[in-house]
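Here's the letter readout for the chains.
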Amino acid sequence: SDADRKYQTRRKSRGRSRTYSSGYGVTEDIHAIIAELGSSSHLDRKDGLLSLQHLLRSNRCLNRLELKKVSEMFTRMFHDPHSKVFTVFIDTLIELVYLQSSDLADWLHILLPRLLTKAGGEMLGSVAIKVQKALDVIRDCFPFDNQFNTVSKFIVDQAQGPNLRIRVSVLTYLHSLILSMDQSDFVNTMDARLAISKIISWTIEPRNADVRKFSHSVLIALFNLNPAEFSIMLSELPKTFQDGATRILHSHVRSTNEGTIDVLSPRNMTSPPGQNRSRPPSRSSLGIPDNFETENLNPEDIFNSIKKTSADIQSLSISSKLDPYEDVKKRHDFTSQDSGIQDVRMDSPDGTDHKRGFFSYSQKSGGHGSNLGTAAFFSKKDSSASPEEVGKAIGDVLEELSNHNDRIEQRKNAMQFLQNLVEKGFITADLLDEHFKSLLLILLETLGDTNGDIKVLSLKCLQKMLQKFPRQFEGFAELTILKVLELHKDDTYRDVPYAASEVEDTIVQALPPEQNFRILTPIIQTMEYHMACGAIQMMTKVVDKMPKELLEASLPNLIPGLFKNFEHKESPVRKASCFCLVAIFLRAEEAMRPYMDTLNSHRMKLLNLYIKKRKLEESK
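Everything quoted here is computed from the prediction, not taken from an experiment.

Draft legend 1. Local environment of the overall build of the protein. Looking only at helices and strands, the protein features 29 helices and zero strands. Looking at the 620 residues of the protein, the share that counts as buried comes to 50%. Considering only intrachain contacts with a sequence separation of at least 6, the fraction spanning at least 24 residues in the protein is 74%. Roughly 29200 Å² of accessible area belongs to the protein as shown, and the carbon and sulfur atoms make up 50% of that amount.

Draft legend 2. Layout of the nonpolar core. If you look at the biggest cluster of nonpolar residues, it comprises 169 residues, and the most contacted ones within it are L52, F74 and L93. Per-element accounting of this core gives the leading share, eleven residues, to helix 5 (residues 83-100). Per-domain counts for this core show at least three residues from each of domain 1 (28-142) and domain 2 (522-619).

Draft legend 3. Focus on helix 8 (residues 144-156). For helix 8, spanning 13 residues, the distance from its first C-alpha to its last is 19 Å, which sits close to the expected 18 Å at 1.5 Å a residue. Residues of helix 8 that are buried: F144, Q147, F148, T150, V151, S152, F154, I155 and V156. The inward-facing, buried residues of helix 8 contact helix 6 (108-119), helix 7 (125-141), helix 9 (164-180), helix 10 (190-202), helix 11 (209-225) and helix 27 (571-587).

Draft legend 4. Structural detail: the packing of helix 6 against helix 9. Direction vectors running N to C along helix 6 and helix 9 enclose 120 degrees, while the axes themselves pass 7 Å from each other. Judged by the inter-axis angle, helix 6 sits oblique to helix 9. Handedness of the crossing formed by helix 6 with helix 9: right-handed. Here helix 6 contributes L112, L116, T117 and A119 to the contact with helix 9, which in turn contributes I166, S169, V170 and Y173. Across the contact of helix 6 with helix 9, the residue classes tally to six nonpolar, two polar and no charged.

Draft legend 5. Layout of the environment of L116. The residue L116 is located in helix 6 in this model. Taking the C-alpha atoms as reference points, L116 and V151, 35 residues apart in sequence, are found 9.3 Å from one another. When residues no more than four places from it in sequence are discounted, the contact partners of L116 are L135, V151, F154, I166, S169, V170 and Y173.

Draft legend 6. Spatial organisation of the state of the cysteines. In total, this model carries zero disulfides according to the counting rule given. Counting only cysteine sulfurs, C141 is the nearest neighbor of C578, a cysteine outside any disulfide, at a range of 8.9 Å. For C578, a relative accessible area of 3% translates into the label buried.

Draft legend 7. Main features of helix 17 (residues 387-401). The terminal C-alpha atoms of helix 17, which comprises 15 residues, lie 21 Å apart, in line with the 21 Å expected from a rise of 1.5 Å per residue. Among the 15 residues of helix 17, eleven are classified as buried, and the element is accordingly described as predominantly covered. Restricting attention to buried positions, one finds in helix 17 the residues V390, G391, A393, I394, G395, D396, V397, L398, E399, E400 and L401.

Draft legend 8. A look at the pattern of salt bridges. In the structure shown here, the tally under the stated rule is 27 salt bridges. A salt bridge links E236 to R193; the nearest nitrogen and oxygen atoms lie 3.3 Å apart. You can see E236 sitting in the loop between helix 12 (227-235) and helix 13 (239-257) and its partner R193 sitting in helix 10, a full 43 residues away along the chain. Through salt bridges with shared partners, a single ionic network connects D140, E567, R574 and R603.

Draft legend 9. The packing of helix 2 (residues 30-37) against helix 4 (residues 64-77), seen in detail. Put simply, helix 2 and helix 4 touch, their axes get as near as 10 Å, and they point 20 degrees apart. By the angle between their directions, the pair helix 2 and helix 4 is classed as roughly parallel. Considering only the axes of helix 2 and helix 4, their crossing is left-handed. Residue-level contacts link I30, I34 and L37 of helix 2 to E66, K69, V70, M73, F74 and M77 of helix 4. By residue class, the composition of the contact of helix 2 with helix 4 is seven nonpolar, no polar and two charged.

Draft legend 10. Seen up close, the packing of aromatic side chains. With the rule as written, the count across this model stands at nine aromatic pairs. Taking the centre distance of 5.0 Å and the plane angle of 85 degrees together, the rings of F74 and F89 count as edge-to-face. Here F74 is found in helix 4, whereas its partner F89 is found in helix 5, with 15 residues between them in sequence. F89 gets classed as buried once you look at its relative accessible area, which sits at 0%. Among the aromatic side chains, those forming a connected cluster through ring pairs are F74, F78, F86, F89 and W107. Between K118 and the ring centre of F86, over which it is positioned, the NZ or CZ distance is 4.6 Å. The aromatic ring of Y610 is capped on one face by K613, whose charged end is 5.0 Å from the ring centroid.

Draft legend 11. Representation of the environment of T540. On the secondary structure map, T540 appears in helix 25 (residues 529-545). Between the C-alpha atoms of T540 and A583, which are 43 residues apart in sequence, the distance is 6.3 Å. Once residues lying within four places of it in the same chain are set aside, the contact partners of T540 are A576, F579, C580 and A583.

Draft legend 12. Molecular detail of the environment of V211. Take V211: it is sitting in helix 11. On the accessibility criterion, V211 (0% relative accessible area) is buried. Sequence separation of V211 and I166 is 45 residues, and the distance between their C-alpha atoms is 9.6 Å. Non-local contacts of V211, meaning those with residues more than four positions away in its chain, are made with L164, R167, V168, L171, W202 and E205.

Draft legend 13. Highlighting the confidence of the model for the protein. In the predicted model, the protein carries a mean pLDDT of 76, and the fraction of residues at 70 or more is 73%. For the stretch residues 1-24, pLDDT sits under 50, and the model shows twelve contacts to residues farther than four places along the chain or on other chains.

Draft legend 14. Structural detail: the side chain of E528. Mapping E528 onto the fold places it in the loop between helix 24 (513-526) and helix 25. Among the polar contacts made by the side chain of E528, one reaches the side chain of H530 at a distance of 3.0 Å.

Definitions and limits used
Residues numbered from 1 in each chain as written. Predicted model: local features only at pLDDT ≥ 70, side-chain atom pairs only at ≥ 80, totals over all residues. Heavy atoms only, no water. Helix = DSSP H or I, 4+ residues; strand = E, 2+ residues; numbered from the N terminus. Buried < 20%, exposed > 50% of the residue type's maximum accessible area, 1.4 Å probe, protein only. Contact = heavy atoms within 4.5 Å. Areas by Shrake-Rupley, 256 points an atom, 1.4 Å probe, with all protein chains shown as cover. Core = buried A, V, L, I, M, F, W, Y, C linked by side-chain atoms within 4.5 Å. Domains from an automatic or database assignment. Expected span 1.5 Å × (residues − 1). Axes fitted to C-alpha atoms, helices over the stretch in contact; angles between N-to-C directions. Parallel < 35°, antiparallel > 145°, perpendicular 65-115°, else oblique. Left-handed = near helix turned anticlockwise from the far one by under 90°. Nonpolar A, V, L, I, M, F, W, Y, C, P; charged D, E, K, R; others polar. Disulfide = S-S within 2.5 Å. Salt bridge = Lys/Arg side-chain N within 4 Å of Asp/Glu carboxyl O. Phe/Tyr/Trp six-rings, centres within 6.5 Å; stacked < 30°, edge-to-face > 60°. Lys NZ or Arg CZ within 6 Å of the ring centre and 35° of its normal. pLDDT = per-residue confidence, 0-100. Polar contact = N/O pair within 3.5 Å; in protein donor to acceptor, adjacent residues only side chain to side chain.

Structure below.
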């Protein structure tokens with residue numbers, strides 16, 4: 001009878017619940033699992049998903065045929081009408097992507113659009129969280145260029161006709177993806193141009209403010225990612241689209257340049273990390289010596305230390321007076337005919353400009369019988385240049401660089417000249433000791449200039465000095481690192497963050513790894529994400545240089561900050577944290593494992609995925 005059949009169904013359902021909760025009844029027969037996934041019964045589909053989860057969590061990879069059949073079943077499950085089945089499906093999908101993303105490239109064009117469409121629909125909050133987690137996993141596991149191409153095609157696919165909510169989910173995902181991409185991931189293709197044209201049209205969408213806002217963000221992020229490629233792409237679009245995009249970019253640049261944010265302000269520092277869900281192993285249990293401490297780990301001490309080191313620049317007021325090198329001015333007459341440099345007042349129509357013209361050369365013979373100016377005289381190694389003459393040249397550089405946000409071309413020439421003095425060996429270590437603090441502080445102040453080219457040249461000067469004279473920087477390492485890391489916030493001039501990264505690499509090579517570790521650890525723990533991301537990228541390289549024993553002893557101070565950033569909402573921070581954790585694991589696997597046990601299962605799987613990839617790369 002119908003009553004008997006209903007009773008047997010309820011009994012069967014209860015039996016299933018008991019067997020799964022006790023760990024029994026989970027089949028490892030992939031053929032049976034695939035059959036259950038295709039069943040018309042939602043209970044069978046749920047059972048099949050749970051069995052597949054169990055299989056994947058035991059690291060059992062599916063072969064090509066099995067994967068093809070499972071992906072076909074999963075494609076249909078995006079529309080499963082039973083919410084409980086769909087929830088288990090998303091959990092299983094995440095496990096599959098973690099384990100076999102490299103084998104699912106051909107399915108990405110179905111997987112990603114279906115998930116983005118789902119994210120833009122109506123669903124329970126708990127389900128929405130799982131869908132978002134699945135999107136995060138996909139973004140972390142699949143090649144960025146493949147994802148960008150897939151999203152571009154989805155945007156221009158007229159058959160999809162994304163509604164406003166789906167547009168928001170697509171734009172949000174695309175923006176996070178672009179922030180993780182490298183320049184080479186963004187290529188001028190037909191699909192990309194069509195997608196960008198549509199996004200430009202969405203910037204004036206009258207029905208939804210979020211669509212307008214995220215469309216702006218995507219265009220700005222693409223421009224920042226690869227200005228040259230983006231500009232070429234725009235030039236190939238109709239003028240209406242060019243004008244729309246140009247207006248947005250100009251508005252962004254103007255608003256960014258209206259004022260600067262003090263990243264050292266407490267309101268721009270993240271709150272101290274809270275207590276971890278799982279307590280990491282104690283220091284004594286790991287055999288860590290009690291006398292090993294990492295400096296500045298207390299958040300209040302960190303902030304005070306940072307403010308103290310940055311106070312040198314603020315108190316000197318280099319742009320308004322030249323107190324740090326007043327002795328240089330006393331020893332050197334800047335308008336001397338012997339110097340080969342004439343006062344710019346002689347070139348001024350009214351004679352009222354009292355700023356020195358560093359590269360306004362006199363054609364009169366210099367002190368060495370040359371008809372060239374100071375810069376030309378030092379353009380090649382000349383053993384007859386005395387320390388006094390080099391000191392005068394450094395004084396000219398300091399004088400010119402004091403014109404903060406002014407005399408752009410002259411200051412560019414001054415910094416190129418300074419690089420030449422360092423490269424050609426005119427500046428010795430003893431001579432630099434006399435001028436080092438003045439040079440360093442004025443170069444660090446110049447990093448705050450409004451002109452991007454000036455910032456890049458200042459960074460190149462710092463890099464040359466670090467390569468030639470690393471010892472002099474050891475007493476100013478924290479100040480230098482902080483000021484360079486601040487430039488990761490510069491999104492108006494693409495070359496600035498790249499040049500900053502090059503200086504950071506040089507710092508890692510030039511300064512003792514133990515000192516870099518002590519400085520970077522509190523930055524990773526407490527600073528906002530732009531600086532934290534740069535610090536983590538530096539730390540990844542420091543880890544490779546640290547003595548193994550010291551690295552193992554340092555983990556209690558470093559791991560909490562990395563784990564916190566591994567959960568960060570910004571994808572570049574999560575990615576940098578993951579790579580740093582992989583580097584630590586490869587150097588200190590045994591010491592690292594107790595900490596890994598405190599990660600949630602999804603982060604553990606992602607970390608293991610990248611460890612596996614790194615080992616494969618190193619074995620080739």
